[in-house]
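As a plain string of letters, each chain reads:
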Amino acid sequence: MNQNNSNNLFQRAQTLIPGGVNSPVRAFKAVGGEPLFFSSAKGAYMTDVDENQYIDLINSWGPMILGHCHPEIEQAITSAVKKSISFGAPTPSEVEMAQVICSMVPSIEKVRMVNSGTEATMSAVRLARGFTGKDKIIKFEGCYHGHGDSFLIAAGSGALTMGVPNSPGVTSGTAKDTLIAKFNDLDSVNQLVDANRHQVAALIVEPVAGNMGCVLPREGFLQGLRELCTAEGILLIFDEVMTGFRVSQGGAQQFFNVYPDLTTLGKIIGGGMPVGAYGGKKEIMDYISPDGPVYQAGTLSGNPVAMAAGLAMLNHLRNQGDGFYSALDEITTYIAKGIKRQLDELGLPFKINQLGSMMSVFFTKDPVYDFETAAGSDAGLFRQYFQSMLSSGIYLPPSQYESWFISTAITKEISDQILDASFKGLQSITGK
Ligand code: KE4
């Protein structure tokens, strides 16, 4: 495929932007080659600056669950922007957005809007520390909660992809207050709690991990965290930036019937615009300024154009009912089963993890249930698979440590194109 314009843009971008990208994972470092620059997108497709068209299985890392430029989202943005772009003052759309989020996410009684998932998780942890008066937090190896200092210890996603799960620049003073447990391992959490009794403010977890590739919670794991946190006076934070409105209308907490004290949200709630949020029990949320002492603020928080996009998205999801999520699960299962058949036939080692419209293909013979088993997969094989799919016009996440995201724009016909490209690529890799 001709990539000349992308390559020229990348050369220029690297003289102006660190690594030529505004988020590291976009740089294709883990899969080789140079990143593509895109000019337009519609439905299941994105078109790059060389007029190559791709079926998109990243969907902006989750937000585009309805596919690109859905008419309802587009309409909401264009009509909102005719009235105002930003006030920096309260607006009706923020009240409506808070109402919709509180009505859809079971554990949220009050919610504060911010501008990214990172802001949401940073704020939720500060709130937990302020509310409990305790300093330490527990996170899980391989989970990613944005680039806040407290989280860049054993972090997943781009931090892992770039080989810096423990980022320079995070002070030892900060790092000492972040304790690392193993995903799906309740004993590892108990050991940390025992060794840091009465010092742990919060435990933050991706209820379905998406940042070491897609890794599901084992039966009883989330419930076990809930019971442990309740018993120990530790606030349980579900980081649902990725899973919120993705795995069910009420997110992973509704899907698994386990309810946290605080929830962080992002991605889908902005409909593609920069939006994050954190919310939870009234008694905790009332600890946030201006009613409470814990400070958090934002110039563009609740921006009216972003709220319009987010409201259009959430109202669409709310009006769809459960059939919406079972249809997404069905098409994702169709793709996963098709790739499974191909890998079985060609004799490659693999595990496919999937929940609803999140999935990952790991090239390993062992089950993948935490960071260590995810890291045991063959990244070189993934790299070949990624490049073969890209050359066939299928745009996968450029890292083994990312989840694929299926949108409602992916029809059965498009799924068959994905499977054809997959089989062609796997045959070229295996020479069969
Ligand atoms: P943002 O600050 O990127 O909006 O959200 C951070 C975040 C928080 N929590 C979870 C569970 C997340 O998955 C994320 C961000 N996800 C990555 C994709 N794995 C964003 C892509 C990127 O970093 O470019």
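Bear in mind that the values here come from a model prediction, so they are computed numbers and not experimental data.

With that settled, the discussion passes to the pattern of salt bridges. The full count for this structure, using the stated rule, is twelve salt bridges. The shortest N-O distance in the salt bridge between Lys-281 and Asp-261 comes to 2.7 Å. Of this pair, Lys-281 sits in the loop between β10 (276-280) and α10 (282-285) while Asp-261 is found in the loop between α9 (251-256) and β9 (262-265), placing the two residues 20 residues apart along the sequence. Residue class for Lys-281 comes out partly exposed when judged on its relative accessible area of 31%. We classify Asp-261 as buried; its relative accessible area is 4%.

Bringing the packing of aromatic side chains into the picture now. Enumeration according to the criterion identifies 14 aromatic pairs in this entry. The interplanar angle of 85° and the centroid separation of 5.2 Å between the aromatic rings of Phe-28 and Phe-386 together place this pair among those described as edge-to-face. Residue Phe-28 is found in the loop between α1 (4-14) and β1 (38-42), and its partner Phe-386 is found in helix α14 (residues 379-391); the two are separated by 358 residues along the sequence. With relative accessibility at 0%, the residue Phe-386 sits in the buried group. Between Phe-38 and Tyr-54 the ring centres are 5.8 Å apart and the planes differ by 80°, which places this aromatic pair in the edge-to-face class. Of this pair, Phe-38 sits in strand β1 while Tyr-54 sits in strand β3 (residues 53-56); the two residues are 16 residues apart in sequence, bridging distant segments of the chain. An aromatic cluster is defined as three or more aromatic residues linked by ring pairs; in this entry it consists of Phe-28, Phe-38, Tyr-54, Phe-386 and Tyr-395. Over the ring of Tyr-369 we find Arg-218; its NZ or CZ atom is 4.0 Å from the centre of that ring.

We now examine the environment of Gly-302. Positionally, Gly-302 belongs in the loop between α10 and α11 (304-320). In the structure, Gly-302 is positioned 209 residues away from Ser-93 in sequence and 8.0 Å away in space, judged by C-alpha atoms. Discounting residues that sit within four places of it in the chain, Gly-302 has contacts with Thr-91, Glu-94, Met-113 and Met-307.

Further remarks concern unusual backbone geometry. Along the chain, Ser-289 connects to Pro-290 via a cis peptide bond; the corresponding omega equals 15°. Even without being a glycine, Glu-51 presents a positive backbone phi close to 65°. Tracing the backbone shows Glu-51 in the loop between β2 (45-48) and β3. Although it is not a glycine, Ala-154 sits at a positive phi angle of roughly 55°. Looking at where Ala-154 falls in the secondary structure, it is placed in the loop between β5 (136-140) and α5 (157-161).

On to the site of the ligand, then. Close contacts around the ligand come from 17 residues, with Ser-23, Thr-118, Asn-211, Asp-239 and Glu-402 the closest. At a separation of 2.7 Å, an oxygen atom of the ligand approaches a polar side-chain atom of Thr-118. Residue Ser-157 places a side-chain N or O atom 3.2 Å away from a nitrogen atom belonging to the ligand. When the ligand sits alone it has 540 Å² of accessible area, and the protein chains cover 87% of it. Per-domain counts for the shell around the ligand show at least three residues from each of domain 1 (4-57 + 321-430) and domain 2 (71-320).

Split by domain assignment, the protein resolves into domain 1 (4-57 + 321-430) and domain 2 (71-320). On a C-alpha basis, the centroid separation for the pair domain 1 and domain 2 is 25 Å. Contacts between domain 1 and domain 2 engage 31 residues on the former and 36 residues on the latter. Of all residues in domain 1, Tyr-325, Leu-355 and Phe-371 bury the most surface against domain 2, accounting for 26% of the area lost on that side. Summed over the shared surface of domain 1 and domain 2, the result is two salt bridges. Of the charged contacts in the structure, one is a salt bridge between Lys-182 and Asp-370, with a shortest N-O distance of 3.8 Å. Joining domain 1 to domain 2, the criterion identifies ten residue pairs in polar contact (both at pLDDT 80 or more). At the level of secondary structure, the elements contributing two or more residues to the side of domain 1 that touches domain 2 comprise α12 (323-346), β11 (351-355), β12 (358-362) and α13 (371-375). Looking at which element gives the most residues to the side of domain 1 that touches domain 2, the answer is β12, with four residues.

Along α1, the residues classified as buried are Ser-6, Phe-10 and Ala-13. What you see down the axis of α1 is that its buried residues fit within an arc of 65°, all on one side. Residues of α1 that are exposed and point over 90 degrees away from its buried face: Asn-8 and Arg-12.

This brings us to the packing of helix α3 (residues 92-104) against α11. Packing of α3 against α11 brings their axes to within 10 Å, and their N-to-C directions diverge by 30°. In terms of orientation, α3 and α11 fall into the roughly parallel class. Handedness of the crossing formed by α3 with α11: left-handed. Contact residues: Ser-93, Glu-94, Glu-96, Met-97, Val-100, Ile-101, Ser-103 and Met-104 in α3; Pro-304, Met-307, Gly-310, Leu-311, Leu-314, Asn-315, Leu-317 and Arg-318 in α11. Split by residue class, the contact of α3 with α11 holds nine nonpolar, four polar and three charged.

Thresholds applied
- Along each chain, numbering runs from 1 in the same order as the chain's sequence is written.
- Only residues with pLDDT of at least 70 get local features here, since the model is predicted, and only at 80 or more are side-chain atom pairs given and counted; chain-wide, interface and lining totals rely on the full set of residues.
- Hydrogens are left out, water is left out, and the side-chain values use all remaining heavy atoms of the structure.
- Salt bridge, as used here, is a side-chain nitrogen of Lys or Arg placed within 4 Å of a carboxyl oxygen of Asp or Glu.
- Under the DSSP-based scheme used, a helix requires at least four consecutive residues in state H or I and a strand at least two consecutive residues in state E, with every element numbered from the N terminus.
- Any residue under 20% of the maximum accessible area for its type is buried, any over 50% is exposed, and the rest in between are partly exposed; the area is computed with a 1.4 Å probe on protein chains only.
- Centres within 6.5 Å are what make two rings of Phe, Tyr or Trp a pair, Trp counting through its six-membered ring; a difference in plane orientation under 30 degrees is then read as stacked, over 60 as edge-to-face, and the rest as tilted.
- Think of it as a cone above the ring: NZ of Lys or CZ of Arg counts as a charge over the ring if it is within 6 Å of the ring centre and within 35 degrees of the ring normal.
- In what follows, residue pairs with any heavy atoms lying within 4.5 Å of each other are defined as contacts.
- Neighbouring residues are identified by heavy atoms, a residue being near a molecule or strand if any of them is within 4 Å of it.
- Distance and chemistry together define a polar contact, namely a pair of N or O atoms within 3.5 Å, with one atom able to donate a hydrogen and the other to accept it when in protein, and with adjacent residues in sequence counting only for side-chain atoms on both sides.
- To measure how exposed things are, a 1.4 Å probe is used in the Shrake-Rupley method; for residues, cover is taken only from the protein chains shown.
- An automatic or database domain assignment provides the domain bounds reported here.
- Buried area is understood as the total, over both parts, of accessible area removed when two parts are fitted together, assessed with a 1.4 Å probe.
- Starting at the helix axis, one direction is taken to each C-beta atom, and the arc is that of these directions.
- Here an axis means a line fitted to C-alpha atoms, over the contact stretch when the element is a helix, while the angle between two N-to-C directions is reported on a 0 to 180 degree scale.
- Oblique is the label for any angle not covered by the other classes, which are roughly parallel (under 35 degrees), roughly antiparallel (over 145) and roughly perpendicular (65 to 115).
- Definitions for this section: a left-handed crossing has its near helix turned counterclockwise from the far helix by less than a right angle. A right-handed crossing has that turn clockwise.
- Residue type decides the class: Asp, Glu, Lys and Arg count as charged, Ala, Val, Leu, Ile, Met, Phe, Trp, Tyr, Cys and Pro as nonpolar, and the leftover types, Gly among them, as polar.

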